[in-house]
Amino acid sequence: MSSSARHLPSIDAGHYKNTSGCATEVMPIPDIVKISMSQHIGAPCQPLVQKGDTVKVGQKIGDVDAFVSAPIHSSVSGTVTGIETQRNAMGGTDTLVVIETDKKQEMDPDIKVPEVEDLAGFVKAVRESGLVGLGGASFPTHIKYNPQNIDEVHTLIVNGAECEPFITSDHRTMLEDTQDIIDGMLLIMKYIGLDEGYIGIEDNKPDAIEKLNNMFKEQGLNNLHTFPLQARYPKGAERVLVYEITGKEMAAGVLPAQLGVILSNVTSVAFVGKYFRTGIPLVEKRMTVDGDAVTTPKNIIAPIGAQITDIIEFCGGYKSEPKKILMGGPMMGRAIPSDTMPIVKNNNAILAFSAEQAFIPEETACINCGRCHQACPFGLLPTAYADAYQAKDAEKLARLKVMQCMECGSCSFVCPARRPLVFMNKLGKALVKEAGL
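For clarity, every value in this text was computed on a predicted model and none was experimentally measured.

### Considerations on the sheet that holds strand S9 (residues 155–159)
Point 1. Strand order in the open sheet made by the four strands is S11-S10-S9-S12, with parallel pairing throughout. Across the chains shown, the open sheet's two edge strands, defined by having one partner strand only, are strand S11 (224–229) and strand S12 (261–265). Across the sheet, the mean angle from the axis of one strand to that of its neighbour is 25°, orientation sign disregarded.
Point 2. When strand S10 (residues 196–202) meets S11, the two strands line up parallel, connected through six bridges. Bridging across to S11, isoleucine 199 finds its partner in threonine 226.
Point 3. In this fold helix H4 (residues 178–192) packs onto S9, S10, S11 and S12, with an angle of close to 140° to the strand it touches most, S10.
Point 4. Most of the contacts of helix H7 (residues 266–278) go to S12, to which it runs at about 90°, and overall it touches S9 and S12.

Structure follows, in structure tokens:
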């Protein structure tokens, strides 16, 4: 990591936290849900149900034997009406289990609170819950909680930074599910054997910092701490957050555990606390719905598999025709082709923008101003990457360390020429991988 990472000369624009004061509302169960079998990094699940089957809330409907995987559960009770495929936000194809809901929300009778005695039991229970990284990464959490160098891991870092513009769902989790966060932290620390826990929170969420500090003090939890962060994107990035809290530099490809840290999103940690209290697997998701094309922006809890069109309808529908709809934030989220797509586990926002708000000026020539280099958290050279990519020079891309790019989008955001630098960085990394460098 370059010395520039110590000062993070990155973007400091408006945060657009329009819904930070909006208490979470629970969305009514829709008529249909479409539950994807691809909701984590790794091998997709295979459906365990077929057309005509009756399912209940929390019933396992998808799984696979692959190491990097997590099972998928029904978010509703009802009848499976089909198995279909649909194009996803990454351009691939997902298998969907389509369920017509009965609105009864009957729970699977096999649901029970996990009984755990050791780390192996804890890891097994976390896998059975279906938990993946809920901050956007979707990495199966049970693998993260079972580090190979466990004797060298001593610190838990909970990512409550929520640095992306517009998104406030983690903020609401910290205010509304505070005890679940604390319980989750204590469980993780107990079974992995960690000494201290920190929650990194941007300082534009003082109410969350205050509430957590008060509860730590009331419960005598001297080994749990909040860590206020400057409200400046991308403080919530994994490598940035580890550096901010521990001072340890984390290169691309290095896991937090290799630096003695377990790092987990705050909503993931809250889910751990809730799951070990209720036994209910991951079947719903809190998310922010915002953007100038949405009539009533809200924070909501929706069943996994709910279609975006039903979520928007719960928020009053569109007040203007959406030009662009994003799953996630405006910096690292994915534009989607249709609002009939269903939400998945790691969705933390749906943003719908009008043509005015989604407008991107025409690209012009690079003026060599250096702003992209200054904005990069790691002091990288996005313009050099763009030139090397356009020349299809994989060796130069590797030599300039394009693989260190975390695709945060800061370079594209500040570029006065409006060049799609982060997209070219992404393509450049693929070029390096294809060349085996």
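Moving on from the model shown.
### With respect to helix H3 (residues 169–176)
Point 1. Counting buried positions along H3 yields seven of eight residues, so the element is predominantly enclosed.
Point 2. The set of residues buried in H3 consists of Ser169, Asp170, His171, Arg172, Thr173, Met174 and Leu175.

### What to know about the pattern of salt bridges
Point 1. Scanning all chains against the criterion turns up 17 salt bridges.
Point 2. Taking the shortest distance from any N to any O, the salt bridge between lysine 298 and glutamate 25 comes out at 3.2 Å. One end of the pair, lysine 298, is in strand S14 (residues 298–303); the other, glutamate 25, is in strand S1 (residues 25–26), and 273 residues separate them in sequence.
Point 3. In this structure, glutamate 407 engages lysine 429 in a salt bridge whose closest nitrogen and oxygen atoms are separated by 2.9 Å. Residue glutamate 407 is found in the loop between helix H11 (394–399) and helix H12 (410–414), and its partner lysine 429 is found in helix H13 (residues 421–434); the two are separated by 22 residues along the sequence.
Point 4. According to the relative accessible area criterion, lysine 429 is buried, its value standing at 12%.
Point 5. Overlapping salt bridges bring together Lys60, Asp63, Arg127 and Glu128 as one network.

### Section: the packing of aromatic side chains
Point 1. Counted under the stated rule, the structure contains seven aromatic pairs.
Point 2. Ring geometry for tyrosine 16 versus phenylalanine 166: centroids 5.1 Å apart, planes at 10°, classification stacked. With tyrosine 16 in the segment before S1 and phenylalanine 166 in the loop between S9 and H3, the pair connects residues that are 150 residues apart, well separated along the chain.
Point 3. Overall, tyrosine 16 belongs to the partly exposed group, its relative accessible area being 47%.
Point 4. With a relative accessible area of 6%, phenylalanine 166 lands in the buried category.
Point 5. Centroid distance tyrosine 275 to phenylalanine 276: 5.5 Å. Interplanar angle 90°. Geometry classified as edge-to-face.
Point 6. The class for phenylalanine 276 is buried, based on a relative accessible area of 15%.
Point 7. Taken together, the ring pairs connect Phe122, Tyr145, Tyr191, Phe271, Tyr275 and Phe276 into an aromatic cluster.
Point 8. One residue, arginine 239, lies across the ring of phenylalanine 378, its end atom 4.0 Å from the ring centre.
Point 9. The side chain of lysine 392 reaches across the aromatic face of tyrosine 389, ending 4.2 Å from its centre.

### Re the sheet that holds strand S3 (residues 46–47)
Point 1. Read across the sheet, three strands follow the order S3-S5-S6 without closing on themselves; strand pairing throughout is antiparallel. With one partner strand each, in any of the chains shown, S3 and strand S6 (72–73) form the two edges of the open sheet.
Point 2. Of the strand pairs in this sheet, strand S5 (residues 60–63) and S6 are connected by two bridges, and their pairing is antiparallel. Following the sheet pairing, lysine 60 is matched in S6 by histidine 73.

### A closer look at empty space enclosed by the protein
Point 1. Inspection of every chain in the model, using the stated rule, returns one cavity of 30 Å³ or more.
Point 2. The space that makes up the largest cavity amounts to roughly 110 Å³.
Point 3. Contributing to the lining of the largest cavity are 16 residues, with Cys376, Cys405, Cys408, Cys411 and Asn425 lying nearest its centre.
Point 4. Every element with two or more residues in the lining of the largest cavity is listed here: H12 and H13.
Point 5. Of the residues in the lining of the largest cavity, the class split is 11 nonpolar, four polar and one charged.

### So, helix H10 (residues 382–390)
Point 1. Along H10, the residues that are buried comprise Pro382, Ala384, Tyr385, Ala386, Ala388 and Tyr389.
Point 2. Next to the buried residues of H10 lie helix H9 (371–375), H11, H12 and H13.
Point 3. Looking at the residues trailing H10, positive phi occurs at lysine 392, about 55°.

### Comments concerning the state of the cysteines
Point 1. Enumeration according to the criterion identifies zero disulfides in this entry.
Point 2. We note that cysteine 369 lacks a disulfide partner, and the nearest cysteine sulfur, in cysteine 415, lies 6.5 Å from it.
Point 3. Looking at cysteine 369, the relative accessible area reads 35%, which means it is partly exposed.
Point 4. Free cysteine cysteine 411: the closest other cysteine sulfur is in cysteine 405, separated by 6.3 Å.

How each quantity is defined
In every chain, residue numbers begin from 1 and rise along the written sequence. Side-chain atom pairs in this predicted model are given and counted only at pLDDT of 80 or more, local residue features only at pLDDT of at least 70, and totals for whole chains, interfaces and linings cover all residues. In computing side-chain values, all of the structure's heavy atoms are included and hydrogens and water are not. Pairs of strands are assigned from DSSP output, requiring at least two bridges between the strands. Secondary structure counts use DSSP, requiring at least four H or I residues in a row for a helix and at least two E residues in a row for a strand, with both numbered from the N terminus. To get an axis, fit a line to the C-alpha atoms, keeping to the stretch in contact for a helix; angles then go from 0 to 180 degrees between the N-to-C directions. Note on definitions: a residue-residue contact is assigned when non-hydrogen atoms from the two residues lie within 4.5 Å. Whether a residue is buried, partly exposed or exposed follows from its accessible area with a 1.4 Å probe, protein chains only, as a fraction of its type maximum: under 20%, in between, or over 50%, in that order. Salt bridge, as applied in this entry: a Lys or Arg side-chain nitrogen positioned within 4 Å of an Asp or Glu carboxyl oxygen. The pairing test for Phe, Tyr and Trp rings, Trp by its six-membered ring, is centres within 6.5 Å, and the orientation test on the planes gives stacked under 30 degrees, edge-to-face over 60, and tilted for anything in between. Here, over-ring charges are defined by two tests on the NZ atom of lysine or the CZ atom of arginine: distance to the ring centre within 6 Å, and angle to the ring normal within 35 degrees. Only protein atoms enter the calculation, which uses a 1 Å grid: trapped sets of points that fit a 1.4 Å probe without letting it out are cavities, open sets showing protein on both sides within 12 Å along at least five of seven lines are pockets, and any residue with an atom within 4 Å of a point is a lining residue. Grid points are joined across faces, edges and corners, and a volume is the space filled by probe spheres set on the points. Polarity classes work like this: nonpolar for Ala, Val, Leu, Ile, Met, Phe, Trp, Tyr, Cys and Pro, charged for Asp, Glu, Lys and Arg, and polar for all others, with Gly in that last group. Cysteine sulfur atoms that come within 2.5 Å of each other are treated as a disulfide pair.

Everything listed here is a matter of coordinates, which is why it stays silent on function.
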